[in-house]
Amino acid sequence: MKLPVHEQFIEQAIRYVSQDQRFIGLLAGGSMMYGTMDEYSDLDLIIVYRSESRHEIMNQRLRIAEGMGNLLSAFTGEHVGEPRLIICLYGPAPLHVDLKFIQPEEFRSRIENPLILWERGSDITTILSESTPSFPYPDPQWMEDRFWVWVHYGAVKLGRGELFEVIDLITFMRNAVLGPLALIRYGHLPRGVRKLETYTAAEVVEELKGTIPIHSFESCYRALKNTINLYQRLRDAQKIVPKKEAERVSVEYLDGIFASRSL
């Protein structure tokens, strides 16, 4: 369900890009593509430009974003590994808009089929019809190879009393491992922890709640143990070579840290 604020911005964006011959398309991904928009949805827009204009467009991305509406603030997406992205906040009614600038041929390698909102010619339609999207799934062995090293790291930080480090580590493990594995188990794309409350069973949500610590030694220990327990259960559905000795050593070390503090 698009709201008037979404509709208005899309209309402005189409008018803007259609008047510039360097642009050949405006597309939408995210919740708009899936038909799941609500009052909290942002806009994920893709601006397709002619390849010969690359240097010019990349240098003018912020100015282009300014031309689409009342831009309150914007920054580039290097922190998420996507320099083609401009993350924007428009106003006065606040609207988050992600603008990704790409060349037509870059569409041949994509994770989804976006909606075409406007197109100059038919190059984009042709490329989309000739190629297939592929969403990147995490490698369960990659997770297993790292998980027990992370557990040991968390135990060390717990022993030192660096609880904020432990909290951040558990958050990372939830996003990189538990969330994706849980979503895969229930037939959804592994998008971190997005919509876990909606897409997974109530008992999984309850278990995940147990991985959220407060700033205390015992709470961090319990949350890390719950993270381990849930991972072990989710891992069972995956074809991996388990790191049994790393698992044993890291868990015993963690338990030893807790036992020594509890004496």
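Note that the structure is predicted; figures quoted are calculated from it, not measured.

Colleague: With reference to specific residues and values, describe the overall build of the protein.
Modeller: A count of helices and strands for the protein gives 11 helices and 6 strands. Considering only C-alpha atoms, the protein reaches an extent of 70 × 40 × 35 Å along its principal axes. A burial count over the protein gives 44% of its 263 residues as buried. A separation of at least 24 residues holds for 59% of the contacts in the protein among residues at least 6 apart in sequence. Accessible area for the protein stands at about 13,900 Å²; split by element, carbon and sulfur atoms hold 53% of it.

Colleague: Pulling in residues and values, what's your account of helix H6 (residues 140-160)?
Modeller: Look at H6: 30 Å from first C-alpha to last across 21 residues, which is about the 30 Å you get at 1.5 Å a residue. At Arg 146, H6 shows its largest kink, close to 30 degrees. Looking at H6, one finds that the buried residues are Pro 140, Gln 141, Met 143, Glu 144, Phe 147, Trp 148, Trp 150, Val 151, Gly 154, Ala 155, Lys 157 and Leu 158. The N-capping residue of H6, defined by a side-chain oxygen 3.0 Å from the backbone nitrogen of Gln 141, is Asp 139. Directly after H6, the chain includes Gly 161, whose backbone phi takes a positive value near 85 degrees.

Colleague: Tell me about the packing of aromatic side chains, and name the residues and values.
Modeller: Evaluated as defined, the whole model comprises 9 aromatic pairs. Residues Trp 150 and Phe 172 carry aromatic rings whose centres are separated by 5.0 Å and whose planes lie at 85 degrees to one another, so their mutual orientation is edge-to-face. Taken together, the residues Trp 150 in helix H6 and Phe 172 in helix H7 (residues 163-185) connect sequence positions 22 residues apart. Since its relative accessible area comes to 16%, Trp 150 is described here as buried. Aromatic pair Phe 217 and Phe 258: ring centres 5.9 Å apart, planes at 5 degrees, arrangement stacked. Residue Phe 217 is located in helix H10 (residues 217-235), and its partner Phe 258 is located in helix H11 (residues 244-262); the two are separated by 41 residues in the primary sequence. An aromatic cluster is built from Trp 142, Trp 150 and Phe 172, whose rings are joined through pairwise contacts. Cation over ring: Arg 261 sits above Phe 217, and NZ or CZ is 4.3 Å from the ring centre.

Colleague: Which residues make up the sheet that holds strand S4 (residues 82-91), and what values do they have?
Modeller: Strand pairing in a sheet relies on backbone hydrogen bonds. The paired strands run either parallel or antiparallel. With mixed pairing, the 6 strands of this open sheet are ordered in space as S3-S4-S5-S2-S1-S6. The open sheet is flanked by strand S3 (70-77) and strand S6 (115-119), the only strands paired with a single partner. Recorded for the sheet is a direction-independent mean angle of 25 degrees between the axes of neighbouring strands. Two strands pair when backbone bridges link them, and strand S2 (residues 43-49) and strand S5 (residues 95-102) are joined in this way by 6 bridges, in the parallel orientation.

Colleague: Run through the pattern of salt bridges, naming residues and quoting values.
Modeller: Here the idea is simple: oppositely charged side chains can pair when their charged atoms come close. In this structure the tally under the stated criterion is 19 salt bridges. With a closest N to O distance of 3.2 Å, Asp 255 and Lys 225 form a salt bridge. Placement of the pair is Asp 255 in helix H11 and Lys 225 in helix H10, with a sequence separation of 30 residues. Between Arg 248 and Glu 245 there is a salt bridge, with the nearest N and O atoms lying 2.4 Å from each other. Here the residue Arg 248 and the residue Glu 245 both occupy positions in helix H11, the gap between them amounting to 3 residues, near one helical turn. Looking at Arg 248, the relative accessible area reads 38%, which means it is partly exposed. Note on Glu 245: relative accessible area 48%, which makes it partly exposed. Salt bridges sharing common partners tie together Glu 82, Arg 84, Lys 100 and Glu 106.

Colleague: Give a description of the nonpolar core that names residues and reports values.
Modeller: Side chains of a nonpolar character, in soluble globular proteins, are inclined to be buried together. In terms of nonpolar packing, the biggest core is built from 36 residues, with Phe 147, Leu 158, Val 177, Tyr 231 and Leu 254 touching the most fellow members. Elements with a minimum of two residues in this core: H6, H7, helix H9 (202-209), H10 and H11. By residue number, the principal contributor to this core is H7, which donates 11 residues. Once residues within four sequence positions are removed from consideration, Val 177 is found in contact with Met 143, Phe 147, Trp 150 and Tyr 231. Core analysis: the next-biggest nonpolar cluster, separate from the first, contains 26 residues, Phe 23, Met 58, Ala 65 and Cys 88 among them.

Colleague: Go over unusual backbone geometry with me, naming the residues and quoting the values.
Modeller: Here Gly 91 and Pro 92 are connected by a cis peptide whose omega angle stands at 5 degrees. Structurally, Pro 92 is set in the loop between S4 and S5. Positive phi, normally seen in glycine, also occurs at Lys 195, with a value near 60 degrees. In this structure, Lys 195 sits in the loop between H7 and helix H8 (196-199). For Lys 195, a relative accessible area of 34% translates into the label partly exposed.

Conventions and cut-offs
Residues numbered from 1 in each chain as written. Predicted model: local features only at pLDDT ≥ 70, side-chain atom pairs only at ≥ 80, totals over all residues. Heavy atoms only, no water. Helix = DSSP H or I, 4+ residues; strand = E, 2+ residues; numbered from the N terminus. Buried < 20%, exposed > 50% of the residue type's maximum accessible area, 1.4 Å probe, protein only. Contact = heavy atoms within 4.5 Å. Areas by Shrake-Rupley, 256 points an atom, 1.4 Å probe, with all protein chains shown as cover. Expected span 1.5 Å × (residues − 1). Bend = angle between axes of the 7 residues up to and from the residue. Polar contact = N/O pair within 3.5 Å; in protein donor to acceptor, adjacent residues only side chain to side chain. Phe/Tyr/Trp six-rings, centres within 6.5 Å; stacked < 30°, edge-to-face > 60°. Lys NZ or Arg CZ within 6 Å of the ring centre and 35° of its normal. Pairing = 2+ DSSP bridges. Axes fitted to C-alpha atoms, helices over the stretch in contact; angles between N-to-C directions. Salt bridge = Lys/Arg side-chain N within 4 Å of Asp/Glu carboxyl O. Core = buried A, V, L, I, M, F, W, Y, C linked by side-chain atoms within 4.5 Å.

Remember that the coordinates give geometry; whether it matters functionally is a separate question.
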